[in-house]
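# An overview of the molecular structure
So the chains spell out like this:
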Amino acid sequence: MVKLTVVGRAYDGLPVAHFPRVKNEEDMSMLFYKQQAEFILKEISRGALLPSKMSINIDDLYCFNYLIEKGICYITLCESSYPRNLAFHYLQDLLKEIEKLDTNFLHTLSKPYSFIKFDNVIANIRRRYLDTRTQANLSILNTNRRQDLDVMTEDISKIIENKRRSEFIEKALAPIPVSPIWSSPRLEVIALKWTPITLMSVVAMVVLWSRFIVKDY
């Protein structure tokens, strides 16, 4: 069964539409998976997930399938037993609906999930894919029975681990920040003016001290 769908921009990770919407505490499990879908979208936007389509195992119950086309990413959460061919056919139907629209405005959106009208489109298409035993879905499965999907499969745990490793390397290679106090132009002028004077004073004190020491002996 198709449980959750998120549509977002692949180049910056902004989610623009999703269904169903989380409304109360009873939907907390869906909120968890929605957050994971957003994480996957962010990883796609930063180039950590390169394939244009992929299946991601979450646990024994669910997996994500995503499809990227023309800068837009379509992600759906399905039961692990749900046919993968059917899941990607569902994503293709969402893609076709997006292509019917003037998609330029999608690139002007600045708030997450602000393309509310597309939520209803997702709901209508999703309804057709809930039952795998309908005549239409059986026809899709029979048509694609001999076609192997060229789709890479990964585990979410490995993606999370790669993210942590990447963040660790970035922190290790990051330059040490310079205090704005020491980088201020005024302090630089003071340092240039007084450093020679200070050095001469120190040298003079050392010479005088040496003379006193010699004189005592």
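Residues numbered from 1 in each chain as written. Predicted model: local features only at pLDDT ≥ 70, side-chain atom pairs only at ≥ 80, totals over all residues. Heavy atoms only, no water.

## Examining unusual backbone geometry
Put simply, Phe-19 and Pro-20 share a cis peptide bond, and its omega is -5 degrees. Relative to the helices and strands, Pro-20 resides in the loop between strand S2 (15–19) and helix H1 (28–45). The phi dihedral of Lys-70 is positive, around 55 degrees, even though this residue is not glycine. Residue placement: Lys-70 occurs in the loop between strand S4 (62–69) and strand S5 (72–79). With a relative accessible area of 66%, Lys-70 lands in the exposed category. Of note in this structure, Tyr-113 is not a glycine but carries a positive phi near 55 degrees. Position of Tyr-113 relative to the elements: it lies in the loop between helix H2 (84–99) and helix H3 (117–129). Looking at Tyr-113, the relative accessible area reads 11%, which means it is buried. (Helix = DSSP H or I, 4+ residues; strand = E, 2+ residues; numbered from the N terminus. Buried < 20%, exposed > 50% of the residue type's maximum accessible area, 1.4 Å probe, protein only.)

## Here we look at the pairing of S5
Burial within S5 is extensive, with 7 of its 8 residues counted as buried. Bridge count between strand S1 (residues 2–9) and S5: 7 bridges; the pairing is antiparallel. Bridge assignment links Thr-5 to a residue of S5, and that residue is Thr-76. Where S4 lies against S5, 8 bridges are found, and the strand directions are antiparallel. Note that in S5 the partner of Asn-65 across the bridge is Thr-76. Joining the antiparallel neighbours S4 and S5 is a turn of 2 residues, in which Lys-70 adopts a positive phi near 55 degrees. (Pairing = 2+ DSSP bridges.)

## Side note on the packing of aromatic side chains
Going through the model one piece at a time under the given rule, you end up with 5 aromatic pairs. Seen in terms of ring centroids, Phe-105 and Phe-115 are 4.9 Å apart; in terms of plane orientation they differ by 80 degrees. Their pairing is edge-to-face. With Phe-105 in the loop between H2 and H3 and Phe-115 in the loop between H2 and H3, this pair connects stretches of sequence that are 10 residues apart. Taking the relative accessible area as the measure of exposure, Phe-105 reaches 31% and is therefore partly exposed. On the accessibility criterion, Phe-115 (9% relative accessible area) is buried. Taken together, the ring pairs in this structure connect Phe-32, Tyr-33 and Tyr-62 into an aromatic cluster. (Phe/Tyr/Trp six-rings, centres within 6.5 Å; stacked < 30°, edge-to-face > 60°.)

## Quick look at the side chain of His-18
Its location among the elements puts His-18 in strand S2. Residue His-18 is classed as buried on the basis of its relative accessible area of 3%. Residue contacts for His-18: discarding those within four places in its chain leaves Thr-5, Val-6, Lys-34, Tyr-113, Asp-119 and Ile-122. (Contact = heavy atoms within 4.5 Å.)

## Remarks on the nonpolar core
Ranked by internal contacts, the top residues of the largest apolar core, which has 28 residues, are Val-7, Val-16, Tyr-74, Tyr-90, Phe-115 and Tyr-129. Secondary structure elements with two or more residues in this core: S1, S2, S5, H2, H3 and helix H4 (135–143). Among the elements that make up this core, the one with the highest residue count is H2 (8 residues). Apart from the residues within four sequence positions on either side, Tyr-74 is in contact with Val-6, Val-7, Asn-65, Tyr-66, Leu-67, Leu-91, Leu-94, Leu-95 and Ile-98. Tyr-33, Phe-64, Ile-68 and Ile-75 belong to the second-largest nonpolar core, a separate cluster that totals 23 residues. (Core = buried A, V, L, I, M, F, W, Y, C linked by side-chain atoms within 4.5 Å.)

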